[in-house]
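Descriptive analysis of the structure
Listed here are the chains, written in short residue letters.
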Amino acid sequence: MQEERKIPTHIAFIMDGNGRWAKRRLMPRKFGHKMGVEALKRVIDACEKAGVKEVSFYALSTENWSRPKDEIDALLDMVKKFADDELQKYVEKNYRVRFMGELHRLPEVTRTALEKIARASAGNTGIVVNIGLNYGGRDEIVRAVNKLIEEKKPVTVESLNLALDTAGMNDPDVIVRSAGEKRLSNFMLWQSAYSEFVYIDDFWPDFDAATVERIIAEYSKRQRRFGALQ
């Protein structure tokens, strides 16, 4: 008897391996990041077609600023171009675009473009595309707690959920990491308490619709207990 195919509501991706993918092809790291953007587009489209309601991506962490300046500049240029081109298309497709992290550190022109997209898509009812930029899970929790303290609200599970960057979203059903790495790297620490984890050896630029199908197939095999005995 064929097992029922379970579609996760929310898949979160830790995108890893752009630089190594490019190095194997004797190309600069920024080319790997460019191809990583193309993979992100393929994955979003595949998730939307599969019936996934929310997707999250770890694009730029709070720790990534220690990378070489030319690499950071190339990443920021791609973020701006992605906002102006691809994300604008998502607004027109009825996707809702959100961002995690402190955007204030990004260049003003980039921040303005992102905020414009978030506002324009706020009322959309399609798949939620959530992108972490200058994001770190510990930083997010600290900011949320300080916000509650400032507002003189008690810190509870419920109030903290509403103070996080992901307020109103479902926790990830599954977190996927590319390039064979097996760690969270400060990604969605609070939200991943009961997430399933899928590790894929392929570098991020190689992700496509077939990869998404593999992820859903693997998720369908899992029995989620949420801490309870079954």
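Residues numbered from 1 in each chain as written. Predicted model: local features only at pLDDT ≥ 70, side-chain atom pairs only at ≥ 80, totals over all residues. Heavy atoms only, no water.

Overview of unusual backbone geometry
Short version of the rule: The numbering of helices and of strands both runs from the N terminus, where a helix is a DSSP run of H or I of at least 4 residues and a strand a run of E of at least 2. In this scheme, a residue with accessible area under 20% of its type's maximum is buried, one over 50% is exposed, and one in between is partly exposed, where area comes from a 1.4 Å probe on protein chains only.
Even without being a glycine, Asn-94 presents a positive backbone phi close to 80°. Locating Asn-94 in the fold gives a position in the loop between helix H4 (86-92) and strand E3 (96-100). Overall, the relative accessible area of 29% leaves Asn-94 in the partly exposed class. With a phi angle near 70°, Asn-186 is a residue other than glycine that sits in the positive phi range.

Observations regarding the sheet that holds strand E6 (residues 196-199)
So the rule is basically this: Pairing between strands is defined by DSSP: at least two bridges between the two strands are required. Lines fitted to C-alpha atoms define the axes, with helix axes restricted to the stretch in contact, and inter-axis angles between N-to-C directions lie between 0 and 180 degrees.
Strand order across the open sheet formed by 6 strands is E3-E4-E2-E1-E5-E6, with parallel pairing between neighbours. Each edge of the open sheet is held by one strand with a lone partner, namely E3 and E6. Here the average twist between neighbouring strands, direction ignored, is 20°. Sheet topology places strand E1 (residues 10-14) next to strand E5 (residues 174-177); 4 bridges connect them, and they run parallel. By the bridge assignment, Ile-11 is partnered in E5 with Val-174.

Everything listed here is a matter of coordinates, which is why it stays silent on function.
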